[in-house]
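Structural overview
This is what each chain is made of:
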Amino acid sequence: MNRDPVAFLKEDMTELRRSNLEWIIRYLEEGSKPHCIVNGKEVLMLNTNNYLGLATHPKVVQASIDATKKYGAGAGAVPVIAGSFDLTREFQEKFAKYKEVEASLLCQTGFAVNSGLIPMLVGKPDIVVSDELNHGSIIDGVRLSGAKRVIYKHRDISDLEKQLKEAEKGGARRICIITDGVFSMDGDMAPLDKIVDVAEDFGAMIFVDDCHGEGVLGDGKGIVAHFNLQGKVHVEGGSMSKGFGVFGGTVAGSKDLIEFCKNKSRTYLLSTAHPPGVVAANIASIEVVENEPQHVKAVWEHTNYFKKEVQSMGYDTGRSETPIIPLIIGDPGKAQELARILFEEENIYGTPIVFPMVARELSRIRVQMNALLTKDDLNTALSSIEKVGKKLDII
Ligand SMILES: *Cc1c(COP(=O)(O)O)cnc(C)c1O
């Protein structure tokens with residue numbers, strides 16, 4: 001038959017480009033820090049998850065070098081066969097203590113935690129009650145589980161309660177409430193204290209994905225510590241790749257949970273373990289957060305200052321409560337244009353966020369604070385954001 005079996009590749013990309021939805025990847029030419037050479041020029045980066053600046057922290061980098069010299073570059077196996085090191089055990093013990101839980105597990109990534117563990121926690125006879133703005137990796141995990149998925153309105157406890165009542169009537173074997181801790185596009189927080197209260201009434205399991213809360217909330221310990229809910233959340237998923245600045249997914253909770261995850265999560269069982277240098281850097285990163293509280297303090301000082309200033313210029317920062325600060329523009333073309341001018345003319349790197357990550361009419365630039373920014377950096381960014389915002393009639 002005379003047909004090109006891969007013609008759709010070009011066709012689909014042409015369509016994406018036409019809709020302004022193509023990702024243009026820019027390449028960093030040095031470490032990820034606020035002043036960084038990107039595509040050949042120095043820019044001020046306002047768009048990384050490396051909130052505390054630990055990706056380039058000397059102690060973290062040194063730990064990675066030392067472990068690489070001692071243990072080599074790769075792990076050589078999946079964690080359950082021969083890919084776990086004494087370093088891995090040290091990390092898991094330290095992280096559990098840090099999170100004030102019985103046990104923890106270093107998994108391949110935050111995405112792998114959701115796609116590997118959720119389908120084992122729930123299945124066909126169960127119901128997952130999920131916040132409407134949950135991360136895509138949660139959505140994928142729930143899809144793989146085959147459980148019935150019910151969506152509740154974003155952070156809406158009365159709607160959650162309503163959905164739980166329905167779920168109870170349906171006679172599900174297990175009910176699981178799943179929420180992001182910090183929502184990545186808006187920077188708002190799950191009302192976890194209220195969720196815990198409601199869950200108890202229905203005997204529901206709680207799974208919180210705290211990838212953006214760790215390193216930032218609760219003095220770095222995350223959203224559970226922020227609300228003083230230690231011991232009340234059944235499954236805490238997280239990532240060492242954001243606030244902690246290194247790499248890897250985490251699960252924290254009871255010993256039973258960790259044993260279950262080790263033996264059942266398919267991504268944990270079937271994907272190679274982290275290189276030892278990464279594990280050692282993760283250990284060092286927790287030590288830095290514990291011993292150097294100035295990083296968490298700085299990111300919050302910058303957050304409060306920057307948010308107040310952009311709001312007084314007239315920008316809409318939505319529901320932001322964390323170092324994720326959206327500048328909500330509305331029109332997708334205008335959001336793209338603001339980001340483009342900021343990058344090309346002002347050397348400020350912020351990411352435009354458009355459909356399908358957010359609703360079309362809520363297109364935005366997402367700004368994220370970093371502990372390594374200085375007051376001068378913030379003022380430079382603010383004056384550019386004000387100038388270009390006025391030029392484009394946004395403010
Ligand atoms: C970033 C993120 C993930 C994925 O974590 P990785 O460690 O980067 O794979 C999962 N869930 C949420 C809510 C996230 O923000």
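Structural notes, computed from the coordinates.

1. Details of the pattern of salt bridges
A full pass over the atoms with the stated rule returns 24 salt bridges. Note that K99 is salt-bridged to E214, the shortest N-O span being 2.7 Å. Linking K99 in helix α4 (residues 86–99) with E214 in the loop between β7 (205–209) and α9 (223–226), this pair joins segments that are 115 residues apart in sequence. Residue E214 is classed as buried on the basis of its relative accessible area of 1%. One continuous salt-bridge network, built from bridges that share partners, spans R155, D186, D188, R319, E321 and R364.

2. Considerations on empty space enclosed by the protein
Enumeration over the complete set of coordinates arrives at two cavities of 30 Å³ or more. Taken as a whole, the largest cavity encloses approximately 90 Å³ of empty space. Across the lining of the largest cavity, the residue classes tally to six nonpolar, six polar and no charged. Considering only enclosed or pocket space, the second largest cavity measures out at about 40 Å³ in volume. As for the second largest cavity, its lining consists of K99, V101, V224, Q230, G231, V233, E236, A252 and G253. In terms of residue class, the lining of the second largest cavity is made up of four nonpolar, three polar and two charged.

3. What about the environment of S384?
Looking at the element boundaries, S384 is found in helix α15 (residues 375–391). Remark: the alpha-carbon pair of S384 and W300, spanning 84 residues in sequence, is separated by 22 Å. Not counting the four nearest positions on each side in its chain, S384 is found in contact with L342, E346 and I348.

4. What to know about the pairing of β7
Among the five residues that make up β7, five are buried, leaving the element largely enclosed by the rest of the structure. Alternating positions in β7 separate into two faces, M205, F207 and D209 on one and I206 and V208 on the other, with burial throughout. The pairing of strand β6 (residues 175–180) with β7 spans five bridges and is parallel. Among the inter-strand pairings, I178 is bridged to a residue of β7, identified as F207. Chirality of the crossover, the property in question, places the unit of β6, helix α8 (residues 192–202) and β7 among those that are right-handed. Across three bridges, the pairing between β7 and strand β8 (residues 235–239) is parallel. In the strand pairing of β8, V208 is matched with E236.

What counts, and at which threshold
Residues numbered from 1 in each chain as written. Predicted model: local features only at pLDDT ≥ 70, side-chain atom pairs only at ≥ 80, totals over all residues. Heavy atoms only, no water. Salt bridge = Lys/Arg side-chain N within 4 Å of Asp/Glu carboxyl O. Helix = DSSP H or I, 4+ residues; strand = E, 2+ residues; numbered from the N terminus. Buried < 20%, exposed > 50% of the residue type's maximum accessible area, 1.4 Å probe, protein only. 1 Å grid on protein atoms, 1.4 Å probe; cavity = no way out; pocket = protein on both sides within 12 Å on 5 of 7 lines; lining within 4 Å. Points joined across faces, edges and corners; volume = space filled by probe spheres on them. Nonpolar A, V, L, I, M, F, W, Y, C, P; charged D, E, K, R; others polar. Contact = heavy atoms within 4.5 Å. Pairing = 2+ DSSP bridges. Right-handed = clockwise from strand over helix to strand, strands pointing away.

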